[in-house]
Amino acid sequence: MTRRVGRRPDGTLFGLVIALVVAGGCLVGGTSDPGGAPAPDQPRSAPSGTATTRADGTDTVEEFQQDVADARSIAERYWSEQFRASGQRFQPIRRVIPYQRDGEVTCGGQEIPRNNAVYCSAGDFIAYDIRWSFGAFRQIGDAFVFYLLGHEYAHGIQTRLGIRYSFTIQQELQADCMAGAYLGDSVRSEALRIDDGDLEEFREGLLAVGDAPDQPWFAEGSHGSPEQRAEAFFRGYERSLDACDLT
Ligand SMILES: [Zn+2]
């Protein structure tokens, strides 16, 4: 698997993506039930100015962690600007928590299982299985991290805006659209830089994370078919938040 990388103005590389995403995951969604206890914080680091290149299979934990930190700070800056533009005060998501074991982190008293990433509205945090995420990062590319953080961050924004759909598929496809908008707008503002070919690879990645064909659209936990997820993401990517039905 190959991926193309673009150089960010600050020198960090942002490569968009590829293929197969590991099954499961939040890509599984917002565990958004209220009541969870806050969990420990992840150390936050600022984006470095260090240029890095990665050959397949040589991605390091340090690079992964840097991408998580970059994705988080770019999402924060993006949403902070959106809120300011509409005259609202913005509160960043409080924590981004890596975990390794089943139940190491709970949300609203519910244990968060491995191989997952969630936004927990109860504690206002994002939690992600670090091994699972790192594995996907190595397999797919660093854009996976930007997408993952963008999608979970979008669930936090939905909570801030009081958006709560009846069906999880609506909540999830909107989060995909918002993740697309955050990435597309960040590319347009040159906070991120990618190459054209990367978008096609990203599409392949999105197509791999959709629900199975026999999953009913109305089922709890449904995220949308592969085509629906890719359509939602690129609608946001190309047309920004106006395309995401936030109002
Ligand atoms: Zn989700």
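Residues numbered from 1 in each chain as written. Predicted model: local features only at pLDDT ≥ 70, side-chain atom pairs only at ≥ 80, totals over all residues. Heavy atoms only, no water.

1. Examining the state of the cysteines
Heads up, the condition is: Counting rule for disulfides: a pair of cysteine sulfur atoms within 2.5 Å. A run of H or I in DSSP counts as a helix once it spans at least four residues, and a run of E counts as a strand once it spans at least two, with each numbered from the N terminus. Any residue under 20% of the maximum accessible area for its type is buried, any over 50% is exposed, and the rest in between are partly exposed; the area is computed with a 1.4 Å probe on protein chains only.
One pass over the full model with this rule turns up two disulfides. Put simply, cysteine 107 and cysteine 120 are joined by a disulfide, and their sulfur atoms are 2.1 Å apart. Taking the sign of the torsion about the S-S bond as the criterion, the disulfide between cysteine 107 and cysteine 120, at about 85°, is right-handed. With cysteine 107 in strand 4 (residues 106–107) and cysteine 120 in strand 6 (residues 117–120), the pair connects residues that are 13 residues apart, well separated along the chain. The two residues cysteine 107 and cysteine 120 agree in class, both being buried.

2. Remarks on the sheet that holds strand 7 (residues 125–129)
As a reminder, the rule being used: Only strands that DSSP links by at least two bridges are regarded as paired with each other. Every angle, taken between N-to-C directions, lies between 0 and 180 degrees, and every axis is a line fitted to C-alpha atoms, over only the stretch in contact when it is a helix. Note on contacts: a residue pair is in contact if any heavy atoms of the two residues lie within 4.5 Å.
An order of 3-7-6 is seen for the three strands of this open sheet, with the pairing classed as mixed. With one partner strand each, in any of the chains shown, strand 3 (95–99) and strand 6 form the two edges of the open sheet. Ignoring which end each strand starts from, the neighbouring axes of this sheet average 20° apart. As defined by bridge partners, strand 6 adjoins strand 7 across four bridges and the pair is classed as antiparallel. Looking at strand 7, one finds that cysteine 120 is bridged to phenylalanine 125. Where helix 2 (residues 130–140) meets the sheet, it contacts strand 3, strand 6 and strand 7, and its direction lies at approximately 70° from that of strand 7.

3. Brief notes about the pairing of strand 7
By the criterion of burial, strand 7 is predominantly enclosed, with five of the five residues buried. Both faces of strand 7 are covered, namely the face carrying Phe125, Ala127 and Asp129 and the face carrying Ile126 and Tyr128. Taken together, the five bridges between strand 3 and strand 7 define a ladder with parallel strand orientation. Of the residues in strand 7, the one forming a bridge with arginine 95 is phenylalanine 125.

4. Some remarks on the packing of aromatic side chains
For clarity, the cut-off: Each aromatic pair joins two rings of Phe, Tyr and Trp (for Trp, the six-membered one) with centres within 6.5 Å, and gets the label stacked for planes under 30 degrees apart, edge-to-face for over 60, and tilted for any other angle.
Counted according to the given criterion, the structure contains 14 aromatic pairs. Ring geometry for phenylalanine 64 against phenylalanine 137: centres 5.2 Å apart, planes inclined by 65°, an arrangement best described as edge-to-face. Separated by 73 residues along the polypeptide, phenylalanine 64 in helix 1 (residues 61–85) and phenylalanine 137 in helix 2 bring together distant segments of the chain. Judged by its relative accessible area of 1%, phenylalanine 64 falls in the buried class. By the ring-pair criterion, three or more aromatic residues cluster together here, those being Phe64, Tyr128, Phe134 and Phe137.

5. A few points about the nonpolar core
Put simply, the rule is: Here the nonpolar core consists of buried residues drawn from Ala, Val, Leu, Ile, Met, Phe, Trp, Tyr and Cys, with membership extended through side-chain atoms lying within 4.5 Å.
Within the largest apolar cluster, 51 residues are counted, with the highest numbers of intra-cluster contacts made by Phe64, Trp79, Val145, Tyr153, Tyr182, Leu183 and Phe233. Residue assignment for this core shows that the elements contributing at least two residues are helix 1, strand 6, strand 7, helix 2, helix 3 (143–161), helix 4 (168–188), helix 5 (196–207) and helix 6 (226–239).

6. What to know about the pattern of salt bridges
Cut-off, in case you're wondering: Each salt bridge in this description consists of a side-chain nitrogen of Lys or Arg and a carboxyl oxygen of Asp or Glu lying within 4 Å of one another.
Tallied over the full model, the rule gives seven salt bridges. Notably, a salt bridge pairs glutamate 76 with arginine 72, separated by 3.4 Å at the nearest N-O pair. Here glutamate 76 pairs with arginine 72, and both are found in helix 1, just four residues apart, close to one helical turn. Like glutamate 76, the residue arginine 72 is buried in the burial classification.

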